[in-house]
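Structural characterization, general
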There are 2 protein chains.
Amino acid sequence: MALRTLGPKAAAALDQELMSTGAFSLDQLMELAGLSVSQALFKLQPPQKGNCILIAVGPGNNGGDGLVAARHLWHYGYKPTVYYPKQPKNELYQRLSQQLRDLRIPFTEDFSSQLSTTDFIIDSIFGFSFSGEVREPFPSVIAALRDSKVPVLAVDAPSSWNIETGPPDEGPGKGYNPDALISLTAPKPLVKWFEGRHFVGGRFLTQAMAEKYELDIPPYEGLDQVVEVPANK
Amino acid sequence: MALRTLGPKAAAALDQELMSTGAFSLDQLMELAGLSVSQALFKLQPPQKGNCILIAVGPGNNGGDGLVAARHLWHYGYKPTVYYPKQPKNELYQRLSQQLRDLRIPFTEDFSSQLSTTDFIIDSIFGFSFSGEVREPFPSVIAALRDSKVPVLAVDAPSSWNIETGPPDEGPGKGYNPDALISLTAPKPLVKWFEGRHFVGGRFLTQAMAEKYELDIPPYEGLDQVVEVPANK
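Since this is a predicted model, take the numbers as computed values, not measurements.

Tallying secondary structure elements over chain A gives 7 helices and 8 strands in all. The C-alpha atoms of chain A give a radius of gyration of 16 Å, which matches the 17 Å a tight globule of 233 residues would have. Reported as C-alpha extents along the three principal axes, the dimensions of chain A are approximately 45 × 40 × 35 Å. Burial status across chain A gives 60% buried among its 233 residues.

Written as structure tokens, this is what we have:
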């Protein structure tokens, strides 16, 4: 049985509910989301198999998850490099970036030139709130993700995919199929078109919230903050 | 080689530095600390060996770590019960408590009556900022921790122990020797007198901070947020 999915409006409502009546702070949720991302990457690519990780960070919360993941990966023994071309004046993202600078994690301004020395890429550019157009400088980055032979783990959505209708018919995201996806809290409808390895993370969903939003709590094991699930086709 | 220790003044300074120039929020640090505590408990007592956990929560940040641990333990399949007799009007602690109520985790007002059905206790009453006197209602709770046959995991310090000079010569904490201790960020000087199993958690210390405070980064493995270390004698 495939896990039930969460559309973009319901995902936004669930997030809002977690942070209001659910009493979570964005700091807390982002820490747990980014931790999940780092654990999925570890399962895909243990550090001894190659530890250079390039993290493409977008301007919103999906990017924030990538920043948190970069920090945890560093502590696991990886060598993360961060590409963060649009850095909003948001206090939380600035703090997460400072935490990376304090670990001497390099920030690069040139995504493509890093690819030849990268073992795995994390695509945390756009998440469930993405719709419409891919703005500069991200079209060329998404084209590089599409064309590169370096495997990619996408966070919540392959960037540029429509959350409900999946892969785009045109633009740089046409033909972009990452090797792995981590869905946060619950899979989004786009997973119907996704064919790679699929993880779910965000081990904080209550039974009551799962019932309200008609979701399944995935079968996490032991201490894991992430679980691999069958393709949602 | 035993890990170097962190005295109470230095621990307070390090915490303050993490939350100022280090750019961490208390929410974030408490989430990671509580997660470490939950992982140490899991290593001591996997849920299939008995999953009823009683968590004694004090009025400060040590208590907050216990609240976070309770939530993670619930997600791992434990049945936590929380004893939280002094609940300050602190927004963060209130939010962490709400997160537990939303999971239907019970709060008890009677610590002793729970002991007969408890498999493991977490002592998150007092941490590195404790000094001086144990105020009501905690003397009887610490006496119960001392006398109970249920094993105890203490968070950062066995409650009522002096952070620098260890076990007290009088009062309910005299003769209180928990089975296990998790030191957060770094062991405190009291570990010299501690004879149980010893864990270290808080996998966020930078090399620069470790050098500045003359600490060791403990040998974490894999994805673990906690590591068992030899006795610090």
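Next up on the list: the packing of helix α2 (residues 26-44) of chain B against helix α4 (residues 91-102) of chain B. Residues and elements named next belong to chain B. Where α2 meets α4, the axes come as close as 11 Å, and the angle between the chain directions of the two elements is 45 degrees. Regarding the angle of α2 to α4, the classification is oblique. As α2 packs across α4, the resulting crossing turns out to be right-handed. Taking contact as the criterion, the partners of Leu26, Asp27 and Met30 in α2 are, on α4, Leu92, Tyr93, Arg95 and Leu96. When grouped by side-chain class, the residues that make up the contact of α2 with α4 number 5 nonpolar, no polar and 2 charged.

Attention now moves to the sheet that holds strand β5 (residues 152-155) of chain B. All names here are of chain B. In space, the 8 strands of this open sheet follow the order β3-β2-β1-β4-β5-β6-β7-β8, with mixed pairing throughout. At either end of the open sheet lies a strand with only one pairing partner, and these are β3 (107-108) and β8 (226-229). Across 5 bridges, strand β1 (residues 52-57) lies against strand β2 (residues 79-83) in parallel orientation. Within β2, the residue paired with Ile53 across the bridge is Pro80. Lying on the sheet, helix α3 (residues 61-76) is in contact with β1, β2, β4 (120-124), β5 and β6 (180-184); it crosses β1 at an angle near 160 degrees.

Here the UniProt feature "domain: YjeF N-terminal" (unreviewed entry) sits at residues 11-217 of chain A. The span residues 11-217 of chain A is 37% helix and 15% strand, and its two end C-alpha atoms sit 15 Å from each other.

When chain B is fitted to chain A, the best match, at an RMSD of 0.0 Å, comes from turning it 180 degrees and sliding it 0.0 Å along the axis. What the rotation and shift describe, once combined, is the action of a two-fold rotation axis. Minimal C-alpha distance to the rotation axis in chain B is attained by Gln28(B), lying at 2.8 Å. The share of interface residues of chain B whose copies in chain A are also at the interface is 100%, consistent with both copies meeting through the same surface.

This next bit is on the pattern of salt bridges. Where charged atoms from two side chains of opposite charge approach closely, those side chains can pair. All names here are of chain A. Summed over the entire model, instances satisfying the criterion amount to 18 salt bridges over all chains. With a shortest N-O distance of 2.9 Å, Arg4 and Asp216 are connected by a salt bridge. Here the residue Arg4 occupies a position in the segment before α1 (8-19), and Asp216 occupies one in the loop between α7 (207-212) and β8 (226-229), the gap between them amounting to 212 residues. With relative accessibility at 24%, the residue Asp216 sits in the partly exposed group.

In this assembly, 32 residues from chain B lie in contact with 32 residues from chain A. Approximately 2,800 Å² of surface area, both sides summed, lies buried where chain B meets chain A, with 62% of it carried by carbon and sulfur atoms. Per-residue buried area on chain B facing chain A is highest for Gln28(B), His75(B) and Leu223(B); these three make up 21% of the total on that side. Between the two partners, chain B and chain A, sit 12 residue pairs in polar contact (both at pLDDT 80 or more). Elements with a minimum of two residues in the side of chain B that touches chain A: α2, α3 and α4 of chain B. Among the elements that take part in the side of chain B that touches chain A, α2(B) stands out by supplying 8 residues, more than any other. Classifying every residue of the side of chain B that touches chain A gives 12 nonpolar, 13 polar and 7 charged.

Residues and elements named next belong to chain A. Sheet architecture is open: 8 strands sit in the order β3-β2-β1-β4-β5-β6-β7-β8, paired in mixed fashion. Each of the sheet's edge strands pairs with one partner strand only, and the pair in question is β3 (107-108) and β8. Contacts from helix α2 (residues 26-44) reach β1 (52-57), β4 (120-124), β5 (152-155), β6 (180-184), β7 (197-201) and β8 within the one sheet, and its direction differs from that of β6 by about 155 degrees. Where helix α3 (residues 61-76) meets the sheet, its contacts fall on β1, β2 (79-83), β4, β5 and β6, and the angle it forms with β1 comes to roughly 160 degrees.

Here we come to helix α4 (residues 91-102) of chain A. Helical periodicity: at 3.6 residues per turn, an α-helix aligns residues three or four positions apart in one direction. Residues and elements named next belong to chain A. Over its 12 residues, α4 extends 16 Å from the first C-alpha to the last, a length consistent with the 16 Å expected when each residue adds 1.5 Å. The opening residue of α4, the one whose side-chain oxygen lies 2.8 Å from the backbone nitrogen of Leu92, is Asn90. Downstream of α4 by one or two residues, Arg104 has phi in the positive range, about 60 degrees.

Bringing unusual backbone geometry into the picture now. Put simply, Glu136(A) and Pro137(A) share a cis peptide bond, and its omega is 5 degrees. Within the secondary structure, Pro137(A) is located in the loop between β4 and α6 (138-147). The backbone of Arg104(A) shows a phi angle near 60 degrees, a positive value even though the residue is not glycine. The residue Arg104(A) is located in the loop between α4 and β3 in this model. Overall, the relative accessible area of 65% leaves Arg104(A) in the exposed class. Non-glycine residue Ala23(B) carries a positive phi angle of around 70 degrees. One can find Ala23(B) in the loop between α1 (8-19) and α2.

Glancing now at the packing of aromatic side chains. Residues and elements named next belong to chain B. Inspection of every chain in the model, using the stated rule, returns 12 aromatic pairs over all chains. Plain terms: the ring middles of Phe42 and Tyr76 are 6.0 Å apart, the flat faces sit at 85 degrees to each other, and that makes the pair edge-to-face. Note that Phe42 is positioned in helix α2 and Tyr76 in helix α3, a separation of 34 residues in sequence. The pair Phe42 / Tyr76 is uniform in exposure class, with both members buried. Between Phe42 and Tyr78, the ring centres sit 6.4 Å apart and the planes meet at 80 degrees, which makes this aromatic pair edge-to-face. Separated by 36 residues along the polypeptide, Phe42 in helix α2 and Tyr78 in the loop between α3 and β2 bring together distant segments of the chain. Exposure class is identical for Phe42 and Tyr78. Each is buried.

The rules behind these values
- Residues numbered from 1 in each chain as written.
- Chains lettered and ligands numbered in written order.
- Predicted model: local features only at pLDDT ≥ 70, side-chain atom pairs only at ≥ 80, totals over all residues.
- Heavy atoms only, no water.
- Helix = DSSP H or I, 4+ residues; strand = E, 2+ residues; numbered from the N terminus.
- Rg over C-alpha atoms; globule rule 2.2 N^0.38 Å.
- Buried < 20%, exposed > 50% of the residue type's maximum accessible area, 1.4 Å probe, protein only.
- Axes fitted to C-alpha atoms, helices over the stretch in contact; angles between N-to-C directions.
- Parallel < 35°, antiparallel > 145°, perpendicular 65-115°, else oblique.
- Left-handed = near helix turned anticlockwise from the far one by under 90°.
- Contact = heavy atoms within 4.5 Å.
- Nonpolar A, V, L, I, M, F, W, Y, C, P; charged D, E, K, R; others polar.
- Pairing = 2+ DSSP bridges.
- UniProt positions renumbered as here; feature names shortened; annotations may be inferred.
- Least-squares fit on C-alpha atoms with pLDDT ≥ 70 in both.
- Salt bridge = Lys/Arg side-chain N within 4 Å of Asp/Glu carboxyl O.
- Buried area = accessible area lost by both parts, 1.4 Å probe.
- Polar contact = N/O pair within 3.5 Å; in protein donor to acceptor, adjacent residues only side chain to side chain.
- Expected span 1.5 Å × (residues − 1).
- Phe/Tyr/Trp six-rings, centres within 6.5 Å; stacked < 30°, edge-to-face > 60°.

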